[in-house]
Every structure is written in structure tokens, then in C-alpha cells.
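The lines below spell out each chain.
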Amino acid sequence: GFEPGQYIRRGVTFTTRGCNNHCPWCLVPEREGRLTEYRNFAPGNIVQDNNLLQSSRSHLRRVFAMLKAQSQATVFSGGLDARLVDDWVVEELRGLRINQLFLAADTKGALKPLKRALGKLSELGRQKLRVYTMIAFNDETLSAAKERLEAVWELGGMPFAQLYQPPDRWIEYSREWKQLARRWSRPAIMKAAHAATVPSNNSLQPTLPKCGKAAEFA
């Protein structure tokens, strides 16, 4: 069960536990089992569910109604499954004030559904569209990780790189891997790295790339 308010920061809520996926790097199905909906979940603006969009439409309506009543903007820090972001979900999200919404692109194959989801959510703007991006899993190379992180950026998301750590041991990564993770988890560094330079009056003026409107959904 879940006792609201225990061991978590104020504002955090779990409206479901578990997940029906079986990703090889994830311990959630083993520890929490298949997705379970909480009928009487605690109110909060930070939704930490492992896979909220796997829940029923009736449950999602209750969650969205609760979020609309909150005084603070919504943070989907648990992440939304990009494959499940459809037109109905997008329309429901338009009724919320959103601070940040996390998606994920932990594999190269995840980029296609991510592209579709980011396209549907583009009104939020890059700053609010964060993307959990696990790197170094299953012998991934530095170059492959860089390519995937760059692809997330090009699709309009703001990557949040995470070095893979197995449950039974700790991997001590090289300086190069740590630097990569740091660069691709800090928005200010990413923005600076992608700032274009154009000549003006015999000088170079830095400009930020266009990345969609920064306005919230209505």
C-alpha cells in the first residue's frame, strides 16, 4: 500500500504503482508487480507514477481533475510513456499548468515514438519537455550515446542523461562517460553548446536555436 506523505517530499503523489512493461534494466515490475491503480490517491502536483498512461481513462480523468485543483504547476517527474501519448492525452494535458513533463528515450528504438510524442506536445516548448535518456547500457559506446542524446535534442526535447547502474553492483565510469552525462543533464550547458553563431557587422553574435513556444498549455 501507499501512505500519503510518508518518506517523500511535499507535493509528491503516487496514483498508481507498478508497470506492465518488462524493460531489461528496470526493477519496477519485479518489486512492484503489474500496474495497480489507487482509487483514493493523495493530492499533489508532482506525479511520480512509474507509468501513469498505462492506467485506465477513468483513472486518468480523476488524476487530471486533481491536478487542475492544485495551486502549483504540474510536474510529471515519473515520466509519461511516449508510445501512449495520443490525442486524447494531449487534449487533457492542455487543461493543466505544466512545469515539466518527462518522457524517455533509453534506446535507439525509442526515438521514433518520442518524435511523435514531442510533436504532439510541442506547444510546451523544449524547456518543459525533459527526456530521461539512459546511457552506457548493454555495452553502448560513447559515440552511440552521444548520437542518441543529440537526436533527442534535434527532436525538440531536453535530454536528462543517466548513467546505467545495475542493481547488484556499482559501475565506476570513466571521466569521459561522467562528462557526457553531466553535459547532457544540465539545460544551461546544452543550450550554450547548441547556440548558433551568425556574423553581424564583422562580429559573431550567439543566438539560441528555435525550439518552439515556451508558453504553457492554457
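The text that follows walks through the structure, step by step, so that each part is easy to find. The structure displayed is predicted, hence computed values, not measured ones.

Let's talk about the nonpolar core
Next up, step 1: By size, the foremost hydrophobic cluster in this structure holds 32 residues, and its most contacted members are F76, L93, L101 and L103.
Next up, step 2: Those elements that provide at least two residues to this core are α2 (57-68), α3 (87-93), β6 (98-104), α4 (111-120) and β7 (129-135).
Next up, step 3: Among the elements that make up this core, the one with the highest residue count is α2 (five residues).
Next up, step 4: Counting 15 residues, the second largest nonpolar core, distinct from the first, contains M134, W153, L180 and A181.

Focus on the environment of R57
Next up, step 1: Note on placement: R57 falls in helix α2.
Next up, step 2: Given a relative accessible area of 37%, R57 falls into the partly exposed group.
Next up, step 3: A sequence separation of 32 residues divides R57 from V89, and the C-alpha atoms of the two residues are 9.2 Å apart.
Next up, step 4: What R57 contacts, discounting residues up to four positions off in sequence, is D86 and W88.

Some words on the packing of helix α5 (residues 142-154) against helix α6 (residues 175-183)
Next up, step 1: The geometry of α5 relative to α6 is characterised by a closest axis approach of 11 Å and an angle of 5° between their N-to-C directions. One way to sum up the angle between α5 and α6 is to call them roughly parallel. Contacts between α5 and α6 pair L142, A145, K146 and L149 from the former with E176, W177, L180 and R183 from the latter.
Next up, step 2: Counted by class, the contact of α5 with α6 contains five nonpolar, no polar and three charged residues.

Structural notes on the packing of aromatic side chains
Next up, step 1: The final tally for this structure, using the stated rule, is seven aromatic pairs.
Next up, step 2: Ring plane angle 45° and centroid distance 6.3 Å describe the contact between F64 and W88, whose orientation is recorded as tilted. Remark: W88 occurs in helix α3 and F64 occurs in helix α2; sequence separation between them is 24 residues.
Next up, step 3: Assessed through its relative accessible area of 1%, F64 is described here as buried.
Next up, step 4: Their ring planes at 75° and their centres at 4.8 Å tell us that F137 and Y164 sit as a pair that is edge-to-face.

Regarding the side chain of E140
Next up, step 1: Summarising the element assignment, E140 is placed in the loop between β7 and α5.
Next up, step 2: Here the side chain of E140 touches A136 through a polar contact of 2.9 Å, landing on its backbone nitrogen.
Next up, step 3: Sequence-distant contacts of E140, that is, excluding residues within four places in its chain, are made with M134, I135, A145, R148 and W177.

How each quantity is defined
- Residues numbered from 1 in each chain as written.
- Predicted model: local features only at pLDDT ≥ 70, side-chain atom pairs only at ≥ 80, totals over all residues.
- Heavy atoms only, no water.
- Core = buried A, V, L, I, M, F, W, Y, C linked by side-chain atoms within 4.5 Å.
- Buried < 20%, exposed > 50% of the residue type's maximum accessible area, 1.4 Å probe, protein only.
- Helix = DSSP H or I, 4+ residues; strand = E, 2+ residues; numbered from the N terminus.
- Contact = heavy atoms within 4.5 Å.
- Axes fitted to C-alpha atoms, helices over the stretch in contact; angles between N-to-C directions.
- Parallel < 35°, antiparallel > 145°, perpendicular 65-115°, else oblique.
- Nonpolar A, V, L, I, M, F, W, Y, C, P; charged D, E, K, R; others polar.
- Phe/Tyr/Trp six-rings, centres within 6.5 Å; stacked < 30°, edge-to-face > 60°.
- Polar contact = N/O pair within 3.5 Å; in protein donor to acceptor, adjacent residues only side chain to side chain.

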